[in-house]
Amino acid sequence: MRMLYHVMSAPAPLGLLFLGANDQGLQVVEYMDRRSLKRTLADHTRPGAEWEASLHGLRPLADQMDEYFTGARRVFEWPLAPVSSPLQLLVMRAIRRIPYGTTLPVGALAQHIGQPKAIKDVTRAVLTNPLALVVPCHRVVSQDGKPLDGAGGVMRRRALLDVEQRFARMGGLDDNRVIGELVKRVAAAPAASPARAARTPVKRTTKVTRRKPTVAARSTGKSRVRTSGATATVRASAKKRSR
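Draft legend 1. Seen up close, the overall build of the protein chain. A tally of helices and strands in the protein chain yields 8 helices and 9 strands. Evaluated residue by residue, the protein chain yields a buried proportion of 35% over its 243 residues. Partitioning the intrachain contacts of the protein chain with sequence separation of at least 6 by distance along the chain shows that 53% fall at a separation of at least 24.

Laid out in structure tokens, this is it:
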């Protein structure tokens, strides 16, 4: 069986995402963390399967994910073909019905699928979700409202919830609410008005230059010292030269 794969880069803290699919649909979307591509392929290799890199085949799905990260997409449109147990398939279908930007406690999810006493099994099915993002398991939280610590880690789940809740408040890009919100923020930035700037007094400084006194020597032994606006007569006593 031919298996297609593609590796894409997602915004921090998500990192690299591994996408794997066959002719029936998408089978794997997971975080690579620090694993090599060779090891990741080995973890998902089944008897008779041959992996083939396919930028052309899975690039449209990667484009949908880029749209999701920028708030332009809320639902992924791609056929799914995960290899999972009947309970996990039931849980995954229920997860996809959780509205964008909202959360659902795992206990409520168990009741929703008719398994109120199987909370542990439902939690395990959520944490081992093979289709991260596409099946938004990050929207399932613990009973106290905190993100579950499973595949991908708490940091990634919280980051995805922050992205969805931020864009849910702003609205979708399809109706330009995000752009409008950004324009409002720029317009609300404080700026000095021309009228206010004209009323602002300008302090003027005057530089005072003092003239150095000039001495006019006269033969009578008197010298006049001129300063700014006043004349003083200074009697100069002749100095006797002594040998």
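That covers the picture; the talk isn't over yet.
Draft legend 2. Summary view of the pattern of salt bridges. All told, the structure shown has 10 salt bridges when counted by the stated rule. We note a salt bridge from glutamate 52 to arginine 2, for which the minimum N-O separation is 3.6 Å. Remark: arginine 2 occurs in strand 1 (residues 2–10) and glutamate 52 occurs in strand 4 (residues 50–53); sequence separation between them is 50 residues. Of the residues examined, glutamate 52 reaches a relative accessible area of 36% and is grouped as partly exposed.

Draft legend 3. Summary view of the environment of methionine 65. Here methionine 65 shows up in helix 2 (residues 55–69). On the basis of relative accessible area, methionine 65 is assigned to the buried category, the value being 0%. Contacts of methionine 65, omitting those with residues within four sequence positions, involve Met8, Leu17, Leu19, Val29, Phe76, Leu133 and Val134.

Draft legend 4. Spatial organisation of the nonpolar core. Of all hydrophobic cores here, the largest spans 41 residues; its most connected members are Met65, Phe69, Ile95, Val126 and Leu133. Looking at this core, the elements that each hand over two or more residues are strand 1, strand 2 (15–21), strand 3 (26–31), helix 2, helix 3 (86–95), helix 4 (106–112), helix 5 (119–127) and helix 6 (153–170). At 6 residues, the largest contribution of residues to this core is made by helix 2. Excluding residues that lie within four positions of it along the chain, leucine 133 makes contacts with Leu17, Tyr31, Met65, Tyr68, Phe69, Phe76 and Leu160. Within the second largest apolar cluster, 8 residues are counted, among which are Met3, Tyr5, Phe18 and Val28.

Draft legend 5. Here's a closer look at the pairing of strand 1. Where strand 1 and strand 4 come together, 4 bridges link them in parallel fashion. The residue of strand 4 that forms the bridge with arginine 2 is glutamate 50. Strand direction decides the pairing type here: strand 1 and strand 2, joined by 7 bridges, are antiparallel. Paired with valine 7 across the two strands is phenylalanine 18, which belongs to strand 2. Hairpin remark: strand 1 followed by strand 2, antiparallel, with 4 residues in the connecting loop.

Draft legend 6. Structural detail: the layout of surface pockets. As a volume, the largest pocket reaches approximately 220 Å³. For the largest pocket, the lining is made up of 18 residues, of which Tyr31, Asn129, Ala132, Ala151 and Gly152 are closest to its centre. Only strand 3 and helix 6 provide two or more residues apiece to the lining of the largest pocket. The element contributing the most residues to the lining of the largest pocket is helix 6, with 4 residues.

What counts and what doesn't
Residues numbered from 1 in each chain as written. Predicted model: local features only at pLDDT ≥ 70, side-chain atom pairs only at ≥ 80, totals over all residues. Heavy atoms only, no water. Helix = DSSP H or I, 4+ residues; strand = E, 2+ residues; numbered from the N terminus. Buried < 20%, exposed > 50% of the residue type's maximum accessible area, 1.4 Å probe, protein only. Contact = heavy atoms within 4.5 Å. Salt bridge = Lys/Arg side-chain N within 4 Å of Asp/Glu carboxyl O. Core = buried A, V, L, I, M, F, W, Y, C linked by side-chain atoms within 4.5 Å. Pairing = 2+ DSSP bridges. 1 Å grid on protein atoms, 1.4 Å probe; cavity = no way out; pocket = protein on both sides within 12 Å on 5 of 7 lines; lining within 4 Å. Points joined across faces, edges and corners; volume = space filled by probe spheres on them.

Purely geometric numbers; function is a separate question.
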